[in-house]
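Remarks on the overall topology
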Amino acid sequence: MQVSVHESLSAFGAEEWNALGGDANPCLSHEFLIALERHGCLGERHGWLPRPFAVRAPGGRLLGAAPAYLKYNSYGEFVFDWAWADAYQRHGLEYYPKLIVAVPYTPAPGRRLLVAPGEDFEAVASALQQAVGEYARARNLSGVHWLFTTDEEIDLLSAGGLLRRMGCQYHWHNEGYADFEAFLGRFASRKRKKLRRERRRVAEQGISLRTLHGHELSATEWQVLHDFYLATYERKWGFPTLTLGFFREIGRTLGARVVVVLAYFEGRAVAGALMLAGGGTLYGRVWGCREQFHSLHFETCYYRGIDYCIEHGLERFQPGAQGEHKISRGFRPVPTWSAHWLAEPAFHDAVGRYLAEELPMMREQCEQLHELLPFRRDG
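Read on for an overview of the structure. (Residues numbered from 1 in each chain as written. Predicted model: local features only at pLDDT ≥ 70, side-chain atom pairs only at ≥ 80, totals over all residues. Heavy atoms only, no water.)

The number of helices and strands found in the protein chain is 11 helices and 15 strands. A compact globule built from 379 residues would reach a C-alpha radius of gyration of about 21 Å, and the protein chain, at 21 Å, matches this within 12%. For the protein chain, the spread of C-alpha atoms along the principal axes amounts to about 60 × 45 × 45 Å. Buried positions account for 57% of the 379 residues belonging to the protein chain. For the protein chain, the exposed area adds up to about 16400 Å²; of that, 50% sits on carbon and sulfur atoms. One way to put it: in the protein chain the 43 positive side-chain charges average out to a point 6 Å from where the 44 negative ones average out. (Helix = DSSP H or I, 4+ residues; strand = E, 2+ residues; numbered from the N terminus. Rg over C-alpha atoms; globule rule 2.2 N^0.38 Å. Buried < 20%, exposed > 50% of the residue type's maximum accessible area, 1.4 Å probe, protein only. Areas by Shrake-Rupley, 256 points an atom, 1.4 Å probe, with all protein chains shown as cover. Lys, Arg positive; Asp, Glu negative; His and termini not counted. Charge placed at Lys NZ, Arg CZ, Asp CG, Glu CD.)

In structure tokens form, the structure reads like this:
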């Protein structure tokens, strides 16, 4: 096997990259990742420099890959290591740059060790893991961080000496529901009434909603959606990184795998959400609004997503990071995983001790959160 690292995903053909799993997970698709590069969402300005790894057979056939990035900050990762960076700085050490294996700005669990179907997974994955580690050591990077890995991958990475870290997200699971009312039938009566009231409040305010696929939006509608995205950052800290050009390109290249919900009041769009669909999963990505309406966020980002999953037979809905309010709306707490290696031995050991103490507490917390689910105890 021949291992190489590149400075752009353009070193890979779209077909060969997607054969590793991008066709199933749109967040990992060549179309999604290359659009981030082409439209100014990455690069030195944002502190994300692409460094994708490849494993090829002697004849050049792609056996595996990993979406890696040199990082000069910790923005857009959603696995927070600010305290680690601060500790490095207080001890006169440089924490940046570091190397991460992740999907930029996308807190969605999925494969990071991409291996072609039919190949020896452990052999190719081990070659990738080793190459990533050697690259970091050769360039004196502070460490390597694999973010939002699968259960299978976290076991492999941990066996290779990386530190395991657990997080918690809230995902919806389709249990063969015929419609939204069938889903609500699982709820306790009082909580079922609350969701019905939230959906009813949206309609009573005179709001209508449309669900569109990426190729169905006009240039003006993409502009409006991007404006909503910008509005989110005007009200909160941080800065927007996804450009209008990125939105429009994935709408064109991913087409039906891009799902957009637009909300209208008195003939004008007032809010919108962008999601991605593939591999039996709907991924919530972007939300924004210019006017405030009661329960509109829940309707646009969650309930319309559940409607879409039921209608199209999708098995899961991952609406994004954080937000315990999702639990009372039927999103189950699930563990998420990341794996970490720090080049400085003393810090690696110290973080390892901390994570070893944190893990059982995180497991207990995630389990206790199930008590907040709205479902009837008898079903």
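Alright, that's what it looks like, and here's the rest.
With that settled, the discussion passes to the sheet that holds strand E2 (residues 48-50). Taken together, the 11 strands give an open sheet; going across it, the order is E2-E5-E6-E8-E15-E9-E14-E13-E12-E11-E10, and neighbouring strands pair in mixed fashion. Either end of the sheet is taken by a strand with one partner, and the two such strands are E2 and strand E10 (207-213). Mean inter-strand twist for the sheet, computed between neighbouring axes without regard to direction, equals 30 degrees. Pairing of strand E6 (residues 98-101) with strand E8 (residues 143-149) involves 3 bridges; the strand directions are parallel. (Pairing = 2+ DSSP bridges. Axes fitted to C-alpha atoms, helices over the stretch in contact; angles between N-to-C directions.)

All buried positions along helix H3 (residues 82-90) are accounted for by Trp84, Ala85, Ala87 and Tyr88. Buried residues of H3, viewed axially, fall in a sector of 160 degrees; they line one side. Summarising the geometry of H3, the exposed residues directed more than 90 degrees from the buried face are Ala83, Gln89 and Arg90. Turning to H3, the residues buried within the fold contact E8, strand E9 (163-173), strand E15 (332-342) and helix H11 (345-368). Just beyond H3, the residue with positive phi is Gly92, at close to 75 degrees. (Arc of directions from axis to C-beta. Contact = heavy atoms within 4.5 Å.)

So, about the nonpolar core. Ranked by internal contacts, the top residues of the largest apolar core, which has 75 residues, are Phe53, Leu99, Trp146, Trp172, Phe183, Leu282 and Leu296. At 9 residues, helix H10 (residues 296-312) tops the list of elements feeding residues into this core. Sequence-distant contacts of Phe183, that is, excluding residues within four places in its chain, are made with Trp172, Tyr177, Ile306, Arg329, Gly330 and Phe375. Core analysis: the next-biggest nonpolar cluster, separate from the first, contains 48 residues, Leu28, Ala35, Ala102 and Leu114 among them. (Core = buried A, V, L, I, M, F, W, Y, C linked by side-chain atoms within 4.5 Å.)

Glancing now at a nonpolar patch on the surface. Together, Tyr75, Phe78, Phe80, Trp82 and Phe239 line one region of the surface with nonpolar side chains, adding up to about 470 Å² of accessible area. Assignment of secondary structure puts Phe80 in the loop between strand E5 (68-71) and H3. The partly exposed category is assigned to Phe80, whose relative accessible area is 43%. (Patch = residues over 30% accessible without salt bridge, like charges linked within 9 Å, V, L, I, M, F, W, Y side chains within 5 Å. Salt bridge = Lys/Arg side-chain N within 4 Å of Asp/Glu carboxyl O.)

Turning our attention to the side chain of Ser29. Looking at the element boundaries, Ser29 is found in the loop between helix H1 (14-22) and helix H2 (30-38). Given the relative accessible area of 0%, Ser29 is considered buried. A polar atom in the side chain of Ser29 sits 2.8 Å from the backbone oxygen of Pro26. (Polar contact = N/O pair within 3.5 Å; in protein donor to acceptor, adjacent residues only side chain to side chain.)

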